[in-house]
Amino acid sequence: MVTILNRRQHGFDVLIHTNDHPPPHVHVRKGNQHVRVYLDTLRITMNYGFSNRELRKIRELIRANHAAIAFEWERIHGKIR
């Protein structure tokens, strides 16, 4: 698991699991809350505990850092199709 963005800077930990699978996505955690977000559409594919307001913030965070996150996904898993 690689932390791309950490809680101290953004309020959430944005993670890419090194043994994960396509499609490209990140896991976002804060305490016991956890969400998975696809990089291409910013679609939430599972949510454990985040409010709609927090989900909007998470999408904004991923959108604002998309290039760096996509770079890390490709570095770990190979080219995004």
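Description of the structure in this document. (Residues numbered from 1 in each chain as written. Predicted model: local features only at pLDDT ≥ 70, side-chain atom pairs only at ≥ 80, totals over all residues. Heavy atoms only, no water.)

## A word on the nonpolar core
Inference 1: Counting residues in each nonpolar core, the largest one holds 19 residues, and the members touching the most others are Val26, Ile58 and Ile62.
Inference 2: Going through the elements one at a time, strand E1 (2-5), strand E2 (13-16), strand E3 (25-30), strand E4 (33-38), helix H2 (52-64) and helix H3 (66-77) are the ones with two or more residues in this core.
Inference 3: Counting residues per element, this core draws most heavily on H2, which supplies four residues.
Inference 4: Those residues in contact with valine 26 that lie beyond four places of it in its chain are Val14, Leu15, Ile16, Val35, Arg36, Val37, Leu39, Ile62 and Ile69. (Core = buried A, V, L, I, M, F, W, Y, C linked by side-chain atoms within 4.5 Å. Buried < 20%, exposed > 50% of the residue type's maximum accessible area, 1.4 Å probe, protein only. Helix = DSSP H or I, 4+ residues; strand = E, 2+ residues; numbered from the N terminus. Contact = heavy atoms within 4.5 Å.)

## Overview of the sheet that holds E3
Each strand in a sheet pairs with its neighbour through backbone hydrogen bonds, running either in the same direction (parallel) or in the opposite one (antiparallel).
Inference 1: On the basis of which strands lie adjacent, the open sheet formed by five strands has the order E1-E2-E3-E4-E5 and antiparallel pairing. The two strands at the open ends of the sheet, each matched to only one other strand, are E1 and strand E5 (44-48). With strand direction ignored, the average angle separating the axes of adjacent strands in the sheet is 25°.
Inference 2: Where E1 lies against E2, three bridges are found, and the strand directions are antiparallel. Residue pairing across strands places threonine 3 opposite leucine 15, the latter belonging to E2.
Inference 3: Packing of H3 onto the sheet brings it into contact with E1, E2 and E3, and relative to E2 it is tilted by some 30°. (Pairing = 2+ DSSP bridges. Axes fitted to C-alpha atoms, helices over the stretch in contact; angles between N-to-C directions.)

## Considering the packing of aromatic side chains
Each aromatic ring pair is specified by the distance between its two centres and by the angle formed by the two planes.
Inference 1: Scanning the model with the defined rule gives one aromatic pair in all.
Inference 2: The interplanar angle of 65° and the centroid separation of 5.8 Å between the aromatic rings of phenylalanine 12 and phenylalanine 50 together place this pair among those described as edge-to-face. Note that phenylalanine 12 is positioned in the loop between helix H1 (7-10) and E2 and phenylalanine 50 in the loop between E5 and H2, a separation of 38 residues in sequence.
Inference 3: Sitting over the face of the ring of phenylalanine 12, lysine 30 holds its NZ or CZ atom 5.3 Å from the ring centroid. (Phe/Tyr/Trp six-rings, centres within 6.5 Å; stacked < 30°, edge-to-face > 60°. Lys NZ or Arg CZ within 6 Å of the ring centre and 35° of its normal.)

## Focus on the pairing of E2
Inference 1: Every second residue of E2 is oriented toward a common face, with Asp13 and Leu15 on one face and Val14 and Ile16 on the other, all of them buried.
Inference 2: Across three bridges, E2 lies against E3 in antiparallel orientation. Opposite leucine 15, over in E3, you have histidine 27 as the bridge partner.

## Notes on unusual backbone geometry
Leaving glycine aside, a negative phi is the common case for residues, and trans is the common case for peptide bonds.
Inference 1: A cis amide bond, omega -5°, links proline 22 with the succeeding residue proline 23.
Inference 2: Looking at the secondary structure, you find proline 23 in the loop between E2 and E3.
Inference 3: Backbone geometry places leucine 42, a non-glycine residue, at a positive phi of 60°.
Inference 4: Secondary-structure assignment places leucine 42 in the loop between E4 and E5.

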